[in-house]
Amino acid sequence: MSAVRTVLGDVPGDRLGVCDAHDHLFLSSPLLPGQELRKVSAARAELAAFRAQGGGTVVQWTPYGMGRRAADLPALSRDCGVHVVAATGLHQRVHYDDAVIEELRGRLAEVFVSELTEGIGTSGVRAGLIKVAGGFHALDAHTRWTMTAAAEAHRTTGATIAVHLEHGTGALDVLDLLCGELGVPPHRVILGHLNRSPDLTVHRQAADAGCYLAFDGPSRAHHATDWRMPDAVRALADAGFGDRLLLGGDTTTDAGRSVNGGPGMPYLLRRVAPRLAAAVGEELVARILTENPGRAFAVEWR
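The following paragraphs examine the structure supplied in this document. Per chain, residue numbering runs from 1 following the sequence as it is written. With pLDDT at 70 or above as the cut-off, local features in this predicted model cover only qualifying residues; side-chain atom pairs require 80 or more to be listed or tallied, and sums for whole chains, interfaces and linings still use all residues. Remark: hydrogens and water are excluded; side-chain values derive from all non-hydrogen atoms of the structure.

V163, L178, L191 and F215 are the most contacted members of the largest nonpolar core, which totals 79 residues. In contact with F215, other than residues within four places in its own chain, are L194, N195, H203, M229, A232, V233, L236, L245, L246, L247 and G248. In plain words, nonpolar cores are sets of buried Ala, Val, Leu, Ile, Met, Phe, Trp, Tyr and Cys residues tied together by side-chain atoms within 4.5 Å. Classification of residues uses two cut-offs on accessible area relative to the type maximum, computed with a 1.4 Å probe and protein chains only: under 20% is buried, over 50% is exposed, and between them is partly exposed. Residue contacts follow a heavy-atom distance rule, with two residues in contact if any of their heavy atoms lie within 4.5 Å.

Listed below in structure tokens is the structure:
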């Protein structure tokens, strides 16, 4: 039986409720000095604010070595009444120092599998997806290494692979590598940040391949992409791909939390969902927030 692997155990995909399919409760990186998501109290308040807007599940895409605080996630999930899904995987090379990378050489897939099946560190919390990343219009050697390991871990466990696309670019190259060369079934791949590159032709080609397409978070490049996002979603829905779409908030800085004055997790339900409903209808938005994540993240675990 397929199930979504949450920090409190496996649950059926139809039990997620309203899902933020890509966000962060905790995140640390040298690229975000002074803006790390580290405070448990702030994470709890943010999760409670999301719950107050009707949220039921948050999928945290924070991968290995970026301050996931896996041991804190079960209590937060339990206290707030929100399912939380944790990630294994590895981000772009710039997020890590040399020592971290060298320590993983020759055993990256093994680490991913262990975190998916046994637990993250000593926490006992199992990851529910693999997060990797592409570069800006390119796939470098680090990307090929991490995606090759992700594909191996997928074959061992069945886990979904979620991909950060830098500014939304490189989608087709990622699919050529993951699904072409490495043989990962397209329906087990999620392409993130497509809202940041509103190229409707690429979106359609990616959807034709059979993967999931995530529109996740306000643009950090320029906000013109935000108002184009409903058009992109409508075009995909009109082409018959409404069942392949996901929505997320992708909160990556402390200032970005709603409890600190930013949009945060509630923004997805408070502003993004109604704006999309005006473009494509409430029924489709409801399915994108509930049914689609259940299929995207539920797998037959091996």
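Take the pairing of strand β3 (residues 18–23) next. On a regular strand, each side chain points to the face opposite its neighbour's, so the side chains alternate between the two faces of the sheet. Across the six residues of β3, five count as buried, placing the element largely inside the fold. This β-α-β element, β3 to helix α1 (residues 40–52) to strand β4 (residues 55–60), shows right-handed connectivity. Secondary structure counts use DSSP, requiring at least four H or I residues in a row for a helix and at least two E residues in a row for a strand, with both numbered from the N terminus. The path from the first strand over the helix to the second decides the hand: if it runs clockwise while the strands point away from the viewer, the crossover is right-handed.

Let us look at the side chain of T160. Within the secondary structure, T160 sits in the loop between α5 (141–157) and β8 (161–164). In this structure T160 comes out as buried when scored by relative accessible area, which is 1%. Counting of polar contacts relies on pairs of N or O atoms within 3.5 Å, with two restrictions inside protein: one atom must be capable of donating a hydrogen and the other of accepting it, and residues adjacent in sequence are counted only when both atoms are side-chain atoms. Separated by 3.1 Å, the side chains of T160 and R188 make a polar contact. One polar contact links the side chain of T160 to the main-chain carbonyl oxygen of A296, over a distance of 2.7 Å. Non-local contacts of T160, meaning those with residues more than four positions away in its chain, are made with L129, I130, R188, I190, A296, F297 and V299.

Turning to the packing of α1 against helix α2 (residues 73–80), a few remarks are in order. Under this scheme, a helix contributes an axis fitted over its contacting stretch, all axes are lines through C-alpha atoms, and angles between N-to-C directions fall in the 0 to 180 degree range. Interaxial distance between α1 and α2 falls to 10 Å at its minimum, and their mutual angle equals 35°. Here α1 and α2 pass one another in a crossing that is right-handed. Along its contact with α1, which presents V40, A43, R44, L47, A48 and R51, the element α2 presents L76, S77, D79 and C80. Looking at the contact of α1 with α2 residue by residue, the class counts come to six nonpolar, one polar and three charged. Whether a crossing is left-handed or right-handed is set by the direction in which the near helix is turned from the far one by less than a right angle, anticlockwise for left-handed and clockwise for right-handed. In this classification, the charged set is Asp, Glu, Lys and Arg, the nonpolar set is Ala, Val, Leu, Ile, Met, Phe, Trp, Tyr, Cys and Pro, and all remaining amino acids, among them Gly, are polar.

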